[in-house]
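# Summary of structural features
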Amino acid sequence: MLDGIMIGLNTAIMPFNLMMVFAGCFVGTFIGMLPGLGPVSAVALMIPITYGLDPSSGIILMAGVYYGAIFGGSTSSILINAPGCSSTVVTAFDGYPLACQGQAGKALALAAWCSFTGGTVGAIILLFAAPALATVSMSFQSSDYFALMVLGLTAVAAFAGKGQVLKSLIMAVLGLMLATVGTDVTSGTTRFTFGSSDLIDGVSFLLLAMATFALTEVIMTVLRGEHVKPQAEIDMSKLGSMRLSREEVKEVAPTVARSSVFGFLIGVLPGAGATIASFMAYGMERNLASVKEKLKFGKGSLRGLAAPETANNAASTGSFVPLLTLGIPGSGTTAIMLGALIAYGIQPGPRLFIDNPDVFWSVIISMYFGNLVLLVLNLPLIPYISRLLVIPNPILIPLILFFSVTGVYLVSFNTFDIHMMVVVTVISIVLKLLAFPMAPMLLGYILGELLENNLSRALMISDGSLSFLWERPLSAGIMVVAILALLSPLVTTLRNRRAAKEPQVAGAEESAA
């Protein structure tokens, strides 16, 4: 192992490879900032460029683009509520409210530091534990994945405001329903496509995210009449503030530590990825917060911003475990990278770090330098990036519309997706006016496909019996945690009601006395 690390270090610190790290991080950050493009598009654009490079340099470049796009995707989420990629959707929940409160600089700085920490912690764990984690990843079976997805759905409570639990559950069910549109992987039959060939592949998550956040926010801004707000009303002095107080650092430090490890472990699981990690980390942090702190989530909570930003970068690092050690892509982005490795004549798998140690270890070690480069690139630019908010709404709104529509179209090159996005936007506006939260729908959609596929496989293995839920200790343990997570809001409500009644009873007894 030490010999392999030294080979990887010597490869990674070669001037040309360091230049590839810098170039990948810069390009990835820039593309990640553009709403709708994301890491898949960024890495795909790099494939023709990497053909003329040796395998180590090519994969280092693509890896830099990958976590650079994740790193940069938070910018548009925070500033204009238009997620740069699916894994930064959750960043908008508290990042955008912070920007609206005149704290765009602070939000961007916190996102940069959290991304750096999550990526660095993930790289350290990856360096020392990759082979062992590959074994853990392989030990997960369909029943375990199903239980994990059920646990993820319990995070619906984290996106529910006071008195909105029922509405959140309805939206989560709507998301699960949307996830069933398209082709059933198990039987190969099409479902709920209404005879349209455009729906065979299902509804695009990017389409849903852009429609329910970017476009809906733009239309709501117009409906509220804020698109004609005089520019003089914007407080220019607050946009570039990047300073975090000592109290704020202490507040988010435990969140960053938990989310780094949690996000990495989720990223290790094939098929999970950064998006699921960000949603689950946000839900976990919301459930761990005090009653007073919970009220801040969705309204500009620093912990609500730190959790997903840390988790998605740690998960993007963790996704290299199944890719490099098992040859299993954990996401669409790593699937493209798998194809690039095979095109180089390199077969990812258990023997990769033996047969091609320069590729295996240099990619891992380059992540240290990559995260440092991303921090150095982004922090000095934050005061200038945050000035995006100063652009007058009559100019900014058309730009958001342009990038949103273009981003969705570039995924499929199908005008049907544009029409679908308009329909979803109209429905989202109506639901938002009725105070239905959008986040649970996206959570249900993300987990829906994995939930259904793993349930089908688990039922086939157990001959249609639900005994798979308790036969494996890991599945049973995860389900117990999920049940406890579901019951905790009910227990808290009952406890609060009891606490509220006790003073009344005591007062009545004193009056009677």
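Here, every reference points to the structure presented above.
Presented here is an overview of the structure given in this document. Here the structure is a predicted model, which means the values were calculated and not measured.

### A few points about the pattern of salt bridges
In the structure shown here, the tally under the stated rule is 6 salt bridges. Of the charged contacts, one joins Lys296 and Glu293 as a salt bridge, the two residues approaching to 3.6 Å between their closest N and O atoms. Overall, the relative accessible area of 41% leaves Lys296 in the partly exposed class. Accessibility expressed as a relative area gives 10% for Glu293, which makes it buried. Here the salt bridges do not stand alone but share partners, grouping Arg258, Glu285 and Arg303 into one network.

### Regarding unusual backbone geometry
Residue Phe192 is not a glycine yet carries a positive backbone phi of 55 degrees. Tracing the sequence through the fold places Phe192 in the loop between β2 (190-191) and α9 (205-223). Given the relative accessible area of 52%, Phe192 is considered exposed. For Phe194, which is not glycine, the phi torsion reads 55 degrees and is therefore positive. Within the secondary structure layout, Phe194 lies in the loop between β2 and α9.

### Details of the packing of aromatic side chains
Per the counting criterion, the structure on display carries 4 aromatic pairs. Pairing Phe93 with Phe279 gives two aromatic rings, centres 6.3 Å apart and planes at 75 degrees, and the pair type is edge-to-face. Linking Phe93 in helix α5 (residues 91-100) with Phe279 in helix α11 (residues 273-288), this pair joins segments that are 186 residues apart in sequence. Consider the rings of Phe93 and Tyr282, whose centres lie 5.7 Å apart with planes at 80 degrees: the pair is edge-to-face. In this pair, Phe93 is assigned in helix α5 and Tyr282 in helix α11, connecting sequence segments 189 residues apart. A relative accessible area of 10% places Phe93 in the buried class. Judged by its relative accessible area of 2%, Tyr282 is buried. Looking at Lys167, its charged tip hangs above the ring of Phe436, at a distance of 5.2 Å from the centre.

Rules used throughout
- Residues numbered from 1 in each chain as written.
- Predicted model: local features only at pLDDT ≥ 70, side-chain atom pairs only at ≥ 80, totals over all residues.
- Heavy atoms only, no water.
- Salt bridge = Lys/Arg side-chain N within 4 Å of Asp/Glu carboxyl O.
- Buried < 20%, exposed > 50% of the residue type's maximum accessible area, 1.4 Å probe, protein only.
- Helix = DSSP H or I, 4+ residues; strand = E, 2+ residues; numbered from the N terminus.
- Phe/Tyr/Trp six-rings, centres within 6.5 Å; stacked < 30°, edge-to-face > 60°.
- Lys NZ or Arg CZ within 6 Å of the ring centre and 35° of its normal.

Such coordinate-based values are descriptive only and should not be taken to indicate function.
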